Amino acid sequence: MKRIFLNTAALITGVAVLAAPALAAPVADVAAAAPAVFTPTAEMVNKGDVAWMMVSTALVLMMSVPALALFYGGLVRAKNMLSVLMQVLTIVCVAALVWFGWGYSMAFTSTGSPFPAIVGGLDKAFLAGVNPGTFAATFSNGVYLPELVFVMFQMTFACITPALIVGAFAERVKFTSLIIFVVAWMTLAYFPIAHMVWYWAGPDFLPTAPTDMGLLWGWGALDFAGGTVVHINAGIAGLVGCLIIGPRIGYKKEPMPPHNLVMTMIGASLLWIGWFGFNAGSALESNAFAALAFINTFVATAAAGAAWAMIEQITHKKPSLLGAASGVVAGLVAITPAAGFAHPGTAIILGAVASIICYFFVTTVKNKLGYDDSLDVFGIHAVGGIVGAIATGIVADPALGGQGWIDYTAPVATAGEFDMVGQVITQCWAVGVTVAWTGAVSAVLFLILKYTLGLRPDAEAETNGLDISEHGERAYN
Amino acid sequence: MKFIIAIIKPFKLDTVRDALSGIGIAGMTVTEVKGFGRQKGQTEIYRGAEYTTNMLPKVKLEIAASDEIAAQVVETIQQTANTGAIGDGKIFVLDLASATRIRTGESGETAL
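Residues numbered from 1 in each chain as written. Chains lettered and ligands numbered in written order. Predicted model: local features only at pLDDT ≥ 70, side-chain atom pairs only at ≥ 80, totals over all residues.

### Observations concerning the overall build of chain A
Inference 1: Along the backbone of chain A there are 16 helices and four strands.
Inference 2: Computed over its C-alpha atoms, the radius of gyration of chain A comes to 22 Å, within 12% of the 23 Å expected for a compact globule of 477 residues.
Inference 3: When its C-alpha atoms are laid out on the principal axes, chain A stretches across 80 × 45 × 40 Å.
Inference 4: Here chain A, with 477 residues, has 57% of them falling under the buried criterion. (Helix = DSSP H or I, 4+ residues; strand = E, 2+ residues; numbered from the N terminus. Rg over C-alpha atoms; globule rule 2.2 N^0.38 Å. Buried ≥ 20, exposed ≤ 12 C-beta atoms within 10 Å, placed from the backbone.)

### Here we look at the overall build of chain B
Inference 1: Within chain B, the secondary structure is distributed over two helices and six strands.
Inference 2: Starting at the N terminus, the α and β elements of chain B follow one another as β-α-β-β-β-β-α-β.
Inference 3: Against the 2.2 N^0.38 benchmark of 13 Å for 112 residues, chain B shows a C-alpha radius of gyration of 17 Å, more extended than a compact globule.
Inference 4: Structurally, chain B occupies a C-alpha span of about 60 × 30 × 20 Å along its principal axes.
Inference 5: Looking at chain B as a whole, 18% of its 112 residues qualify as buried.
Inference 6: Taking the intrachain contacts of chain B between residues at least 6 apart in sequence as the baseline, contacts between residues at least 24 apart amount to 69%. (Contact = placed C-beta atoms within 7 Å.)

### Things to note about the interface of chain B and chain A
Inference 1: On the side of chain A, 12 residues touch chain B, which itself brings six residues to the contact.
Inference 2: When residues of the side of chain B that touches chain A are assigned to their parent elements, the largest contribution, three residues, is made by strand β3 (residues 42–46) of chain B.
Inference 3: Across the side of chain B that touches chain A, the residue classes break down as three nonpolar, one polar and two charged. (Nonpolar A, V, L, I, M, F, W, Y, C, P; charged D, E, K, R; others polar.)

### Describing the sheet that holds strand β6 (residues 89–95) of chain B
Residues and elements named next belong to chain B.
Inference 1: The strand order across the open sheet built from four strands is β2-β5-β1-β6, with neighbouring strands paired in antiparallel fashion. Looking at the sheet topology across the chains shown, the edges are occupied by β2 (29–35) and β6. Direction aside, the axes of adjacent strands within the sheet are offset by 20 degrees on average. (Pairing = 2+ DSSP bridges. Axes fitted to C-alpha atoms, helices over the stretch in contact; angles between N-to-C directions.)

### Here we look at unusual backbone geometry
Residue and element names in this part refer to chain A.
Inference 1: Val 65 connects to Pro 66 through a cis peptide bond whose omega is 5 degrees.
Inference 2: Tracing the sequence through the fold places Pro 66 in helix α3 (residues 47–75).
Inference 3: The phi torsion at Leu 127 lies on the positive side, around 55 degrees, for a residue other than glycine.
Inference 4: Relative to the assigned elements, Leu 127 resides in the loop between α4 (81–108) and β1 (135–137).

### Focus: helix α9 (residues 261–280) of chain A
Residues and elements named next belong to chain A.
Inference 1: Compared with the 28 Å implied by 1.5 Å per residue over 20 residues, the 28 Å span of α9 between its first and last C-alpha is a close match.
Inference 2: At Gly 274, α9 shows its strongest bend, of approximately 30 degrees.
Inference 3: In terms of burial, α9 is largely enclosed, as 14 of its 20 residues are buried. (Expected span 1.5 Å × (residues − 1). Bend = angle between axes of the 7 residues up to and from the residue.)

### Comments concerning the packing of helix α10 (residues 288–316) of chain A against helix α12 (residues 344–369) of chain A
All names here are of chain A.
Inference 1: Between α10 and α12, the shortest axis-to-axis distance is 7 Å and the interhelical angle comes to 40 degrees. By crossing handedness, the relation of α10 to α12 is classed as right-handed. Note on element contacts: α12 touches α10 through Pro 344, Ala 347, Ile 348, Leu 350, Gly 351, Ala 352, Ala 354, Ser 355, Ile 356 and Tyr 359, opposite Ile 295, Asn 296, Val 299, Ala 300, Thr 301, Ala 303, Ala 304, Ala 307, Trp 308 and Ile 311.
Inference 2: A breakdown of the residues in the contact of α10 with α12 according to their chemical character gives 16 nonpolar, four polar and no charged. (Left-handed = near helix turned anticlockwise from the far one by under 90°.)

### Description of the pairing of β2(B)
Residues and elements named next belong to chain B.
Inference 1: Summarising burial for β2: zero of the seven residues are buried, a small minority.
Inference 2: Where β2 lies against strand β5 (residues 56–65), seven bridges are found, and the strand directions are antiparallel. Paired with Val 33 across the strands is Lys 58, a residue of β5.

### Focus on the nonpolar core
Inference 1: If you look at the biggest cluster of nonpolar residues, it comprises 156 residues, and the most contacted ones within it are Leu68(A), Leu271(A) and Ala338(A).
Inference 2: The contacts of Ala338(A), once residues within four sequence positions are left out, are Phe224(A), Ala347(A), Leu350(A), Gly388(A), Ala391(A), Thr392(A), Val395(A) and Ala396(A). (Core = buried A, V, L, I, M, F, W, Y, C linked by C-beta atoms within 7 Å.)

### A few points about the confidence of the model for chain B
Inference 1: Mean pLDDT over chain B stands at 92; residues scoring 70 or higher make up 100%.
Inference 2: Per the prediction output, this complex has pTM 0.85; the corresponding ipTM is 0.76. (pLDDT = per-residue confidence, 0-100.)

### Notes on the environment of Ile179(A)
All names here are of chain A.
Inference 1: In this fold, Ile 179 is placed in helix α6 (residues 175–198).
Inference 2: Between the C-alpha atoms of Ile 179 and His 231, which are 52 residues apart in sequence, the distance is 19 Å.
Inference 3: Each residue touching Ile 179, except ones within four places of it in the same chain, is listed here: Thr 90 and Val 94.

### As for the pairing of β5(B)
Along a regular strand, successive side chains alternate from one face of the sheet to the other.
Inference 1: Sheet topology note: the strand β1 (residues 2–8) of chain B/β5(B) ladder contains seven bridges and is antiparallel. Counted as the bridge partner of Ile5(B) is Glu62(B) from β5(B).

### Things to note about the environment of Ala6(B)
Residue and element names in this part refer to chain B.
Inference 1: Mapped onto the elements of the fold, Ala 6 is located in strand β1.
Inference 2: Note: C-alpha distance between Ala 6 and Leu 61 (55 residues apart in sequence) is 5.1 Å.
Inference 3: Not counting chain neighbours up to four residues away, the residues in contact with Ala 6 comprise Leu 61, Ile 77, Gly 89 and Ile 91.

### Topic: the environment of Glu147(A)
Inference 1: Here Glu147(A) is to be found in helix α5 (residues 147–165).
Inference 2: Between the C-alpha atoms of Glu147(A) and Glu470(A), which are 323 residues apart in sequence, the distance is 39 Å.

### Considering α12(A)
Inference 1: Relative to the 38 Å expected for 26 residues at 1.5 Å per residue, α12(A) spans 35 Å between its end C-alpha atoms, a close match to the ideal helical length.
Inference 2: Along α12(A), the sharpest kink reaches roughly 35 degrees, centred on Phe361(A).

### Describing the confidence of the model for chain A
Inference 1: The predicted model of chain A averages 92 in pLDDT, with 92% of residues at 70 or higher.
Inference 2: The low-confidence segment residues 1–35 of chain A (pLDDT under 50) makes 46 contacts with residues lying over four places distant or belonging to another chain.

Following this line, the structure appears as structure tokens:
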């Protein structure tokens with residue numbers, strides 16, 4: 001979501017610049033400093049921005065239900081169709097409530113926390129103090145959204161991320177354990193990572209509070225719409241989950257073809273549409289950067305879908321719908337962190353490259369290593385996310401037509417100097433922190449559940465299908 | 001009376017049906033079935049996972065015919081369902097002991 005960041009050098013400079021007058025200021029001048037405290041007002045809210053962000057919010061919700069649910073549902077066997085739909089739907093419901101309860105506060109405040117760079121406190125738990133008269137910062141000085149709009153927009157991201165995970169161990173997970181996992185994982189993995197990557201005080205506050213930001217934001221990591229927070233985060237959690245839960249009964253011994261690729265096609269297409277809200281909405285304003293993210297989301301995805309079909313045409317002479325749909329999703333994932341930074345030309349290259357790398361992971365690496373990532377959450381979301389996150393450091397370079405980064409420590413934001421190598425290294429650090437953090441949290445949570453409540457249904461229940469054994473109903477009668 | 005069972009390629013169903021109507025066959029039962037013979041199966045690939053299906057979809061026709069017309073029915077099916085490739089199917093002929101029309105209770109060839 002963040003178009004702009006502050007690199008470490010700028011941070012240090014900012015601190016120094018700020019510290020100098022503070023040290024020199026006589027005590028009597030404290031009162032004189034008071035008028036500098038900035039207060040957003042209703043006049044700083046643009047109705048066009050509000051309208052666009054509320055539409056974007058609805059679009060992103062559509063990505064979870066029904067898009068992701070149908071995309072995943074079509075890929076499982078008929079006997080597990082409802083289990084996947086139910087998992088996605090319930091996770092969306094639970095995640096929305098958790099976001100209201102403590103998620104927003106943990107992700108987007110910095111007060112009341114012992115480690116404000118890692119995670120926020122509970123000052124806004126249950127949306128305490130959030131009302132139509134409070135405002136959230138955008139990326140422009142003096143432009144604000146009603147805070148409730150920002151809460152909702154971010155809520156939809158919190159809803160889709162845990163829902164993405166279920167594809168990795170579809171067809172073999174105990175429903176109640178999954179839901180407990182989701183609540184714990186959001187609290188311990190999603191909210192801290194969202195905070196580290198996305199939280200900052202805002203353009204009008206940063207000059208006077210240059211350390212009020214998440215850890216990775218402070219490092220200068222670029223993640224426009226959630227490559228690390230959403231896709232790498234979910235993809236790694238899925239991989240850990242499928243390794244701990246183990247493969248499906250009969251995996252690699254009996255055919256497990258998708259039961260309805262028509263639904264997968266509908267799901268993938270709705271994901272693409274919804275993703276315009278996800279990426280272009282992450283500009284937080286209805287402006288040219290939203291348009292840039294929009295067109296990049298369009299063309300990178302197109303390139304990725306075409307690339308996957310072309311590889312299949314070359315490797316086995318039959319380009320498949322599932323292949324093209326998988327390419328589309330890989331492209332959407334990969335362009336997410338770069339959406340507001342890349343030129344459409346480099347976005348196309350990024351989409352195509354990510355598609356080819358994901359193809360390799362899904363068809364070759366998975367088979368070689370033998371893990372049963374049922375619906376390729378790792379192969380597409382984590383791998384595509386990592387490719388996109390690292391490549392963001394390249395495509396954001398103004399020398400390649402990218403948008404660079406903006407220094408918000410200045411009272412009026414100005415463009416910073418871009419260092420591609422340094423940026424790529426920063427991006428790698430952000431990926432590393434995300435992978436390590438979510439990997440560790442997911443492993444601990446899955447292992448605890450495995451040895452307490454149990455993570456998978458018994459063999460008979462799994463063989464009969466989760467629709468009947470876990471939910472007592474059938475998709476098709 | 002004869003009971004004729006024909007296993008044919010699904011796309012030939014309409015042609016066969018039209019030809020049989022042309023020689024006076026007024027009814028048949030059609031079922032979508034799967035099976036295998038000498039024709040090799042199909043390979044399906046889903047994101048690199050290859051499945052070879054050795055059961056292929058076919059259509060099974062069941063026709064009850066009078067003794068006079070039975071040979072002609074077999075010949076018609078053989079000619080119209082033929083593509084010249086393996087997998088065209090088979091025709092089986094059985095003796096039929098009786099036939100009864102449920103609505104009227106008629107039996108024998110008048111029930112056909």
